[in-house]
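Here's the letter readout for the chains.
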Amino acid sequence: MISAPQTYYIHTFGCQSNKSDSERIAGDYEARGYQEASDWRQCDELVINTCAVRQSAEDRARGFLHNVVVYFNEAGKKRPKIILTGCMTHHGNDKLYEMLPAVDEILPINEVGFNSSAVRKDRKHAWIPISTGCNSFCTYCIVPYSRGREQSRPRQDILAEVDQLVANGYVEITLLGMNVNSWGLEKVGIGFRKLMMENKNFTRQDLPDNQSQYLKPESTPPFVELLREISEREQIKTIRFLTSNPWDFHDELIEEIGANKKIDRYIHLPVQSGSNSVLYRMNRGYTRERYIEVVEKLRAVDTEIVLGTDIIVGFPGETEEEFQESVALAKEINWKLGFVAMYSPRPGTASWRIYEDDVSHAEKKRRWEILDKIINKDNLAVRPHVV
Ligand code: SF4
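Residues numbered from 1 in each chain as written. Predicted model: local features only at pLDDT ≥ 70, side-chain atom pairs only at ≥ 80, totals over all residues. Heavy atoms only, no water.

Draft legend 1. Representation of the sheet that holds strand S11 (residues 266-268) in the model. If you trace the three strands from one edge of the open sheet to the other, you get S11-S12-S13, paired in parallel fashion. Edge positions in the sheet fall to S11 and strand S13 (337-342), since each has one partner strand and no second. Neighbour to neighbour, the strand axes of the sheet diverge by 15° on average, direction disregarded. (Pairing = 2+ DSSP bridges. Helix = DSSP H or I, 4+ residues; strand = E, 2+ residues; numbered from the N terminus. Axes fitted to C-alpha atoms, helices over the stretch in contact; angles between N-to-C directions.)

Take a look at the structure:
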């Protein structure tokens, strides 16, 4: 008798990188003969791909896991094998098994390979990871710990995937990475976590500056060359990329965006704060003036360009004056879309270690409402991020 194939189901939280990773995890399952189940209640293996960007994101994953356990207990059915992956893996295996005893296995997110073939539901648009991890150590961010140091995917592998997508009729792609601008750049590679853990008196001054993580390209940045090579594929009509950062948004990239109309006119450029003193505490490696300069240059090469951003309110020590600098910047830049987030300390990060979370929840909420209304005025009904 032929037995039915084993089935898998992937429940994904968080950003586009997680969605892209889930497509590749699905590819691994299918290569091993598994089939996708239509519902988590019917699968043999359940993968929960988690996000840890804020405490609320971790709470949602825990809530989902709780519902899974309750459902199988009440139904008197055997639970599927539960595999946890994604950014919550930064807690480390011991802590995770203790926090979430229903989890059977932990898959480190950096083991999801670039080159596993992706199972895509969309037939027109494809996510393509071009790098993983991050070297930048913004003080609030867990990504350098959960995904590890930045690694660029080899150019020939990216182009081979693009060609395969072209052969399958895809016309739109989005290149993904935590900092796509630095794809292919040589990294100086500073690690400070050990330093932070060993030094009780660690301060903001001990952090390596974000901009020092990369050697500045003296000629065309590799990312611009990659955009040009992909654009040569006639069938590809639209190219997007996420995420860019102001500290290495090179002038040649701006010129390429102006000249190459296959590149989408929407550019997502996180600012995080409009206040230089907050940006310094965040270790963002640029100033408000540098951000405005990049925006002005982008608008000078094409007036059709629209911008989106990520911005945090209630970062430790954020005064009313510093918040008002974010408000003033929002009015000046006129972003089309903004992911406004209330700060929440992520254990293990530098800001959790160095600063006191001293802005009250009520005050964060007040600031969030003000900024959200200003930035997302055109799309309040489809608010991108409700915290
Ligand atoms: S650039 Fe900063 S915010 Fe973005 S992933 Fe890296 S550390 Fe996090």
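Draft legend 2. Region of the structure containing empty space enclosed by the protein. Scanning the entire structure with this criterion turns up one cavity of 30 Å³ or more. Considering the residues around the largest cavity, the lining is formed by 15 residues, among which Asp-21, Pro-129, Ser-131, Thr-132 and Arg-147 are closest to the centre. Only helix H1 (16-31) and strand S7 (131-132) provide two or more residues apiece to the lining of the largest cavity. The element best represented in the lining of the largest cavity is H1, accounting for four residues. When grouped by side-chain class, the residues that make up the lining of the largest cavity number six nonpolar, six polar and three charged. For the lining of the largest cavity, the domains that each give at least three residues are domain 1 (7-111) and domain 2 (125-382). (1 Å grid on protein atoms, 1.4 Å probe; cavity = no way out; pocket = protein on both sides within 12 Å on 5 of 7 lines; lining within 4 Å. Points joined across faces, edges and corners; volume = space filled by probe spheres on them. Nonpolar A, V, L, I, M, F, W, Y, C, P; charged D, E, K, R; others polar. Domains from an automatic or database assignment.)

Draft legend 3. The arrangement of the layout of surface pockets in detail. Considering only enclosed or pocket space, the second largest pocket measures out at about 260 Å³ in volume. Around the second largest pocket sit 15 residues that line it, and Ser-117, Ala-118, Arg-120, Glu-161 and Gln-164 are the ones nearest its centre. Top element by residues in the lining of the second largest pocket is helix H5 (residues 155-167). It accounts for five residues. Taken together, the residues that form the lining of the second largest pocket break down as four nonpolar, five polar and six charged.

Draft legend 4. Representation of the pattern of salt bridges in the model. Counted under the stated rule, the structure contains 29 salt bridges. Across the pair Arg-24 and Glu-161 runs a salt bridge, and its minimum N-O distance is 2.6 Å. With Arg-24 in helix H1 and Glu-161 in helix H5, the pair connects residues that are 137 residues apart, well separated along the chain. Judged by relative accessible area, which is 1%, Arg-24 ranks as buried. A salt bridge links Glu-322 to Arg-281; its shortest N-O distance comes to 3.1 Å. On the criterion of sequence distance, the pair formed by Glu-322 in helix H11 (residues 320-333) and Arg-281 in helix H9 (residues 276-282) is long-range, its members being 41 residues apart. Put simply, Glu-23, Arg-24, Arg-120, Arg-153 and Glu-161 are held in one network by salt bridges that share partners. (Salt bridge = Lys/Arg side-chain N within 4 Å of Asp/Glu carboxyl O. Buried < 20%, exposed > 50% of the residue type's maximum accessible area, 1.4 Å probe, protein only.)

Draft legend 5. Looking closely at the domain arrangement of the protein chain. Domain annotation of the protein chain identifies domain 1 (7-111) and domain 2 (125-382). Here the C-alpha centroids of domain 1 and domain 2 sit 27 Å apart. With 18 residues of domain 1 in contact, the opposing surface of domain 2 contributes 16 residues. Summed over both partners, the interface of domain 1 with domain 2 comes to about 1,500 Å²; 54% of that surface belongs to carbon and sulfur atoms. Looking only at domain 1, the three residues that lose the most surface to domain 2 are Gln-16, Arg-24 and His-90, adding up to 33% of its buried area. Among the salt bridges present, the one from Arg-346 reaches Glu-58, with a minimum N-O distance of 2.6 Å. Linking domain 1 to domain 2 there are seven residue pairs in polar contact (both at pLDDT 80 or more). Mapped onto the side of domain 1 that touches domain 2, the elements with two or more residues apiece are H1 and helix H2 (55-75). Among the elements that take part in the side of domain 1 that touches domain 2, H1 stands out by supplying eight residues, more than any other. Class assignment of the residues belonging to the side of domain 1 that touches domain 2 gives a composition of four nonpolar, eight polar and six charged. (Contact = heavy atoms within 4.5 Å. Buried area = accessible area lost by both parts, 1.4 Å probe. Polar contact = N/O pair within 3.5 Å; in protein donor to acceptor, adjacent residues only side chain to side chain.)

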